[in-house]
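Observations on the three-dimensional arrangement
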Amino acid sequence: MRLIQHKKEAYWFYRFLSLGYDRWVNPLFWTPPMRAAALELARLDDALTVLDAGAGTGFTTEGIVARVPARQVTMLDQSPHQLARARAKAALADCPKLLGDAERLPFADDTFDRYVSAGSIEYWPDPQRGIAEAYRVTKPQGTALIIGPVRPANRLARRLAEAWMLFPAAEEYEGWMRAAGFDQVQAKELAPAWYRDRRGPYALAVSGVKPAPGPPRVALRGAPEDLYAPLTAKQRALVAARLVTGAAAGAAFVPIGAVLALRARRRG
Ligand SMILES: C[S@@+](CC[C@H](N)C(=O)[O-])C[C@H]1O[C@@H](n2cnc3c(N)ncnc32)[C@H](O)[C@@H]1O
């Protein structure tokens, strides 16, 4: 179903989630040790320019600016509410911040030394298009890094997850990177300390190096979904219904994560 894997639904989802995002989401599901492990694949240093696509409130960007001067790190997100939270953070004050779509990046080919996107691909209606855009704006010999969730092995978790948004298989991430044209594709498994399921990974960081200048190899069909396309009353009702049902499925993960995190902390 993937009810929130659409731009308007994701926009409204983050209209509300941004209120508690830094407090309830990242501390449970996208932790500083996971961020540090993922960003190793980006091989950051202080001479680079970086795009953080789907930067949100800036949790991943904070990890990036620990290694790269903030003025060289551009934050892009489709949610003004998430970016407003980032604007309040002193460490991110010098980062250029832009409203925009990860599937239609407002930058020329070969602009950034590094492209990073954490926890955003699961909302993109056309993930191959977003990764093709990552390829296009990355400079030759530059690295792109995509971080996202993986299809849960647990049946109930998978049902809830797939009602909510996109949880790709590990091979899908690597396939999209290779189809876009990236070389040296590498993947690293990530999980919060409370995650104990040995049947499969929780999340993945996947990186690739752009071998040559110019656009991606992959041919894309049609136009990307448009956040600002006008809707009929019936379509608005459908967006609202998808939003409420998808958000309820997503919200179920917060108490589950909180209980598992508490249990893991008690066990030490
Ligand atoms: C789970 S949050 C991750 C935020 C941040 N990267 C972090 O590490 O905390 C996902 C973000 O992706 C953004 N997003 C979703 N679809 C997008 C799109 N098509 N273009 C740009 N941003 C998008 C959402 O607005 C949200 O801020």
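You'll find the structure just up there.
The structure reproduced in this document is the subject of the present report. (Residues numbered from 1 in each chain as written. Predicted model: local features only at pLDDT ≥ 70, side-chain atom pairs only at ≥ 80, totals over all residues. Heavy atoms only, no water.)

Further remarks concern the site of the ligand. Around the ligand lies a shell of 22 residues, among which Gly54, Thr60, Asp77, Ala102 and Ser120 are the nearest. Contact distances for the ligand include 3.2 Å between an oxygen atom and a side-chain N or O atom of Asn26. Ala102 is positioned such that a nitrogen or oxygen atom in its backbone is 2.9 Å from a nitrogen atom of the ligand. A total of 600 Å² of accessible area belongs to the ligand in isolation, and the protein chains cover 97% of it. In terms of residue class, the shell around the ligand is made up of nine nonpolar, ten polar and three charged. (Near = heavy atom within 4 Å. Polar contact = N/O pair within 3.5 Å; in protein donor to acceptor, adjacent residues only side chain to side chain. Areas by Shrake-Rupley, 256 points an atom, 1.4 Å probe, with all protein chains shown as cover. Nonpolar A, V, L, I, M, F, W, Y, C, P; charged D, E, K, R; others polar.)

Moving on: the side chain of Arg114. With respect to the helices and strands, Arg114 occurs in strand β4 (residues 112-118). For the buried Arg114, no salt bridge exists, and the shortest N-O distance to an oppositely charged side chain is 5.3 Å, to Asp45. At 2.6 Å, the side chain of Arg114 forms a polar contact with the backbone oxygen of Ala42. Residues in contact with Arg114, not counting those within four places in the same chain, are Ala42, Arg43, Leu44, Leu48, Thr49, Val50, Leu51, Gly142 and Thr143. (Helix = DSSP H or I, 4+ residues; strand = E, 2+ residues; numbered from the N terminus. Buried < 20%, exposed > 50% of the residue type's maximum accessible area, 1.4 Å probe, protein only. Lys, Arg positive; Asp, Glu negative; His and termini not counted. Salt bridge = Lys/Arg side-chain N within 4 Å of Asp/Glu carboxyl O. Contact = heavy atoms within 4.5 Å.)

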